[in-house]
Amino acid sequence: MSKNYYITTPIYYPSAKPHMGHAYSSIVVDFFARFKKIEGYKVFFLTGTDEHGLKIQRAAEKNKKKPLEFCDQISKTFKELSKTLNLSNNDFIRTTEKRHQKSVQNLWNVLEKKGEIYLSKYSGWYSVSDEAFYLDNEIETVEGIKVAKSSGSSVEWLEEESYFFKLSKWQNKLLDLYEKNSNFILPKSRKNEVVSFVKSGLKDLSVSRKSFSWGIKVPSNNDHVIYVWLDALTNYISALNYPNENDELYKNFWPADIHIIGKDILRFHAIYWPAFLLAANIEPPKRVYGHGWILSGEEKMSKSKGNILDPLDIIQKYGLDPLRYYLLKEVSFGNDGNISKEKLENCINSDLANNYGNLCQRVTAFCEKNTDLKVPQKDKFNDEDLKILNKYNSNFENLIKYTDTQNINQYINFILDQLFAANKYFNDQEPWKKKSDIKRLNTIVYVSLELIRKITIMLYPIMPNTTLKVLKIFGMKESDIDFNSITNNEYLLVDKKINKLEILFKKIDINND
Ligand code: MSP
């Protein structure tokens, strides 16, 4: 079985600075990437920016900048955000890079040679904001303006010469793909939407534009630029050096294990992308997961609605790891999630400060007073010790399954249960009353330290910075983290020095905020 794992975020439009929705997609992917790494996989995690098309050209014009100059500036803020979010990405691709342009033109040539592309004329609706074509029945009129029903973005009528991709030809092959690979589209509820859309009949897709120039040129006809979605989707293979099929990256990591995207761009990833690939005789990705939206109030957060929560403001005020934890826990993955500062503050106080922080602080403070800040010599574990320690062994396969099925919430719920159980264990065992039975006191401390170690490893993909601080008390570094070791009840070496722990999370005074 291959031990490689390839995971991607969508590549973001650098039309304006990043917001919480973008941060969310990236944090989710980072969670899975870090988990797979500690599970023992060689991971390739890709993110980047999607820089061509009319949307970007117009945004640049509005800012009185040349498109590339504009993209350079905003793409940089996305790149910086990936650092601020502590993403473990292996690459950051920009679609204006030469390596990408070459790949896209190559894919185009393959499709053209195979007779999958033909020249004709497009007339229909187009949304520049979504960079998407819409059918008449997908349009409605709101306050005199024609908009796409699905996104609410305004559409304009378009009539121009265009190359078409024979999408209609791939309808049955796509339906086969969805049937044979039942988890190709997740969550299941979204799969049904896609399947019924495909069943209702696919029309050939316009894949070039003639009326503007900001894009990758059609190799055989420089009057046209390649449709921005055909360009953008190709990033997933151009970053692996497609078309060089002998390239190590391409050989090891394609097909991707999962593309994580927002539900609004599912059609592009679950229909167009596998159709392009099948037509070019390239294997489609293994899975596409369409997550929900981060809502502010009841609406999707977006620049045009002016309801943006800036991830940088939140991080500056509360710290990165609390935000990562909050987004992963609070949003039911796959569904929309409403976030607010109040809920974030409650989450920091209850889950992080009172629960995880408290466990780590109490146990290490107890060690300082009673075991000379060392891992104590333990006695035989009793039934209660074994019951709580072995909880991880009996759930080990489940925890891997939760991540393999993108069930973030169940994964976090398991950790939360264990945190409550570990705090309760320490309370109930009352080691402070066992000073006359030093063997038992030491064993309780040993078990508690093991519980902290196990829980911290499970929390690492969610809160890498904080958990590394905690693991440091045991002298452990990032490269020492191995998920398999959560089933080991005697990992900690007796007499090993425990380093002091700083306060992990400051409690927020909610009334004075
Ligand atoms: N450039 C395309 C993607 C091309 S991938 C080959 C694009 N870019 S985007 O910047 O508009 O959106 C990128 C991702 O952010 C999408 O997955 C989108 O769903 C997600 N989000 C944008 N706003 C969002 C929220 N308010 N909430 C959660 N995610 C949302 O689409």
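Everything here concerns the structure above.
Residues numbered from 1 in each chain as written. Predicted model: local features only at pLDDT ≥ 70, side-chain atom pairs only at ≥ 80, totals over all residues. Heavy atoms only, no water.

Visitor: Whenever I open this one, the environment of Ala-422 confuses me. Can you help?
Guide: Inspection of the secondary structure puts Ala-422 in helix 15 (residues 408–429). For the pair Ala-422 and Val-29, spaced 393 residues apart in the sequence, the C-alpha separation amounts to 29 Å. Filtering out sequence-adjacent residues up to four positions away, Ala-422 remains in contact with Leu-359, Ile-388, Leu-451 and Ile-455. (Helix = DSSP H or I, 4+ residues; strand = E, 2+ residues; numbered from the N terminus. Contact = heavy atoms within 4.5 Å.)

Visitor: Is there a simple way to explain the sheet that holds strand 12 (residues 217–218) in this structure?
Guide: Whether parallel or antiparallel, the strands of a sheet pair through hydrogen bonds between backbone atoms. One open sheet holds the three strands; their spatial order is 11-13-12, and the pairing between them is antiparallel. Here the strands that pair on one side only, and so sit at the sheet edges, are strand 11 (208–209) and strand 12. Relative to strand 13 (residues 221–226), strand 12 runs antiparallel, the two sharing two bridges. Note that in strand 13 the partner of Val-218 across the bridge is Asn-221. (Pairing = 2+ DSSP bridges.)

Visitor: Whenever I open this one, the packing of helix 1 (residues 20–39) against helix 14 (residues 383–404) confuses me. Can you help?
Guide: When two helices pack together, their arrangement is captured by the angle between the axes and the distance separating the axes. One way to put it is that helix 1 packs onto helix 14 with a least axis distance of 11 Å and a crossing angle of 140°. Here helix 14 runs oblique to helix 1, going by the angle between their axes. Like other packed secondary-structure pairs, helix 1 and helix 14 cross with a definite hand, here left-handed. Residue-level contacts link Phe-31, Phe-32, Phe-35, Lys-36 and Glu-39 of helix 1 to Leu-399, Ile-400, Thr-403 and Asp-404 of helix 14. Broken down by class, the residue content of the contact of helix 1 with helix 14 amounts to five nonpolar, one polar and three charged. (Axes fitted to C-alpha atoms, helices over the stretch in contact; angles between N-to-C directions. Parallel < 35°, antiparallel > 145°, perpendicular 65-115°, else oblique. Left-handed = near helix turned anticlockwise from the far one by under 90°. Nonpolar A, V, L, I, M, F, W, Y, C, P; charged D, E, K, R; others polar.)

Visitor: Help me understand the site of the ligand in this model?
Guide: Around the ligand sit 24 residues, and of these Ile-11, Asp-50, Gly-262, Asp-264 and Ile-294 come closest. At 3.3 Å, a side-chain N or O of His-22 approaches an oxygen atom of the ligand. In the model, an oxygen atom of the ligand is placed 2.7 Å from a nitrogen or oxygen of the Gly-262 main chain. Look at the ligand: alone it shows 650 Å² of surface, and the protein chains cover 95% of it. (Near = heavy atom within 4 Å. Polar contact = N/O pair within 3.5 Å; in protein donor to acceptor, adjacent residues only side chain to side chain. Areas by Shrake-Rupley, 256 points an atom, 1.4 Å probe, with all protein chains shown as cover.)

Visitor: Teacher, can you tell me more about helix 11 (residues 311–318) here?
Guide: Helical periodicity: at 3.6 residues per turn, an α-helix aligns residues three or four positions apart in one direction. Three or more residues of helix 11 are buried, namely Pro-311, Ile-314, Ile-315 and Tyr-318. The buried residues of helix 11 all sit within an arc of 100° when viewed along its axis, so they share a single face. Where helix 11 is buried, its residues touch helix 1, helix 3 (67–84), helix 12 (320–330) and helix 13 (341–370). Two to three positions downstream of the cap, the backbone nitrogen of Leu-312 sits 2.8 Å from a side-chain oxygen, assigning the N-cap of helix 11 to Asp-310. The first or second residue beyond helix 11 is Gly-319, which carries a positive phi of 95°. (Buried < 20%, exposed > 50% of the residue type's maximum accessible area, 1.4 Å probe, protein only. Arc of directions from axis to C-beta.)

Visitor: Can you help me understand the pairing of strand 3 (residues 91–94) in this one?
Guide: Each regular strand carries side chains that alternate between the two faces of the sheet. In strand 3, alternate side chains face the same way, and those of Asp-91 and Ile-93 on one face and Phe-92 and Arg-94 on the other are all buried. Bridge count for strand 2 (residues 42–49) against strand 3 is four bridges, and the pairing is parallel. Considered in strand 3, the bridge of Gly-48 is made with Ile-93.

Visitor: What is the right way to read the nonpolar core from this model?
Guide: Side chains of a nonpolar character, in soluble globular proteins, are inclined to be buried together. Counting residues in each nonpolar core, the largest one holds 98 residues, and the members touching the most others are Ile-7, Tyr-356, Tyr-411, Ile-455, Met-458, Ile-462 and Phe-483. Top contributing element to this core by residue count: helix 16 (residues 438–459), with twelve residues. Beyond its immediate stretch of four places on either side in the chain, Tyr-356 contacts Asp-351, Leu-419, Ile-455, Thr-456, Leu-459, Met-463, Thr-466, Thr-467, Val-470, Leu-504 and Phe-505. Formed by 85 residues, the second largest nonpolar core is a distinct cluster that contains Ile-74, Trp-125, Ile-139 and Phe-184. (Core = buried A, V, L, I, M, F, W, Y, C linked by side-chain atoms within 4.5 Å.)

Visitor: Honestly, empty space enclosed by the protein in this entry has me stumped. Any pointers?
Guide: Gaps between atoms show up when a probe of the same size as a water molecule is rolled over them. For the coordinates displayed, the defined rule picks out four cavities of 30 Å³ or more. Contributing to the lining of the largest cavity are Tyr-12, His-22, Ala-23, Ser-26, Thr-47, Gly-48, Phe-78, Leu-81, Ser-82, Leu-87 and Phe-92. If you list the elements that add at least two residues to the lining of the largest cavity, you get helix 1, strand 2 and helix 3. Split by residue class, the lining of the largest cavity holds six nonpolar, five polar and no charged. (1 Å grid on protein atoms, 1.4 Å probe; cavity = no way out; pocket = protein on both sides within 12 Å on 5 of 7 lines; lining within 4 Å. Points joined across faces, edges and corners; volume = space filled by probe spheres on them.)

Visitor: How do you make sense of the sheet that holds strand 5 (residues 132–134) when you look at a structure like this?
Guide: The strand order across the open sheet formed by four strands is 5-4-8-10, and the pairing between neighbours is antiparallel. The two strands at the open ends of the sheet, each matched to only one other strand, are strand 5 and strand 10 (205–206). Note that strand 4 (residues 117–127) and strand 8 (residues 156–165) share ten bridges and pair antiparallel. Residue pairing for strand 8: Leu-119 is matched across the bridge by Tyr-163. In the packing of helix 10 (residues 266–279) onto the sheet, contacts are made with strand 5, strand 8 and strand 10, and the angle to strand 8 comes to roughly 30°.

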